[in-house]
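Chain and residue survey
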Amino acid sequence: MADTPAVPTAPCAVGAPGLLMRIDEVMRRHVGHTMVRIVTAVTGPVHVVPDYLTLHAEAVVDEAVRHIAAHPGADTVVVTASVTTTVTVVVEATGPVDLLLPPLLGASARARLLGGRCDIERGTRLVWSVPLPATEYHARPLAGPARRRGARPYAKFSVM
């Protein structure tokens with residue numbers, strides 16, 4: 001039980017901040033005071049992501065970005081989250097010096113707990129992917145402008 005993440009799997013309070021907002025806040029908290037360039041992107045129907053998965057994704061980004069901020073060498077941190085039938089979070093650091101991400105135990109434990117996987121690619125890229133619960137994928141209808149747009153892809157970007 002030591003490697004079990006301490007994030008509840010029950011839904012959060014109604015109105016919990018969205019995935020992009022949570023990722024942006026983590027980025028500002030860890031690298032906002034540095035000269036590191038921050039790029040975040042969230043694509044797909046993020047309205048179907050249950051709150052507990054949003055919290056897990058935030059914790060994964062937090063762990064990876066905390067490690068990147070603690071080791072000099074990165075000039076850009078790029079975080080992308082995409083939602084299809086899975087929630088996939090990619091954290092990548094680029095720069096003149098190769099920055100190696102160690103195996104991130106918290107991110108790996110969260111992926112295992114949720115039936116997904118966590119991989120470090122090329123030493124500088126974390127790919128965390130977990131399946132979206134089938135009951136959640138079509139549970140909430142689109143509201144507001146998204147309903148009028150139809151089935152077009154949805155994306156939000158933030159560059160700081």
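Criteria and cut-off values
Residues numbered from 1 in each chain as written. Predicted model: local features only at pLDDT ≥ 70, side-chain atom pairs only at ≥ 80, totals over all residues. Heavy atoms only, no water. pLDDT = per-residue confidence, 0-100. Helix = DSSP H or I, 4+ residues; strand = E, 2+ residues; numbered from the N terminus. Contact = heavy atoms within 4.5 Å. Core = buried A, V, L, I, M, F, W, Y, C linked by side-chain atoms within 4.5 Å. Buried < 20%, exposed > 50% of the residue type's maximum accessible area, 1.4 Å probe, protein only. Axes fitted to C-alpha atoms, helices over the stretch in contact; angles between N-to-C directions. Parallel < 35°, antiparallel > 145°, perpendicular 65-115°, else oblique. Left-handed = near helix turned anticlockwise from the far one by under 90°.

This part is about the confidence of the model for the chain. Predicted confidence across the chain gives a mean pLDDT of 75, with 70% of residues reaching 70 or more. In the model of the chain, helix α5 (residues 145–149) stands out as the element of lowest mean pLDDT, 48, in contrast to strand β5 (residues 125–131), which has the highest, 94. The model gives residues 1–16 a pLDDT under 50, and that stretch makes 23 contacts with residues more than four places away or in other chains. Here residues 136–144 is modelled with pLDDT under 50, and outside its nearest four sequence neighbours on either side it reaches 15 contacts, counting other chains as well.

This brings us to the nonpolar core. Counting 38 residues, the largest nonpolar core has Val61, Val91 and Trp128 as the members making the most contacts within it. Every element with two or more residues in this core is listed here: α1 (19–31), β1 (37–43), α2 (51–70), β2 (76–83), β3 (86–94), α3 (105–113) and β5. For this core, the element with the highest residue contribution is α2, accounting for eight residues. If we ignore the near neighbours within four places in the chain, the residues touching Trp128 are His56, Ala57, Val60, Val87, Thr88, Val89, Ala107, Arg110, Ala111, Leu114, Arg117 and Cys118.

The subject of this paragraph is the packing of α2 against α3. The axes of two packed helices give the description: the angle between them and the distance between them. At their nearest, the axes of α2 and α3 sit 9 Å apart, and the two run at 155° to each other. It follows that α2 is roughly antiparallel to α3 by the angle criterion. Regarding α2 and α3, the two cross each other, and that crossing is left-handed. Seen from α2, the contacting residues are His56, Ala59, Val60 and Glu63; seen from α3, they are Leu105, Gly106, Ala107, Arg110 and Leu113.

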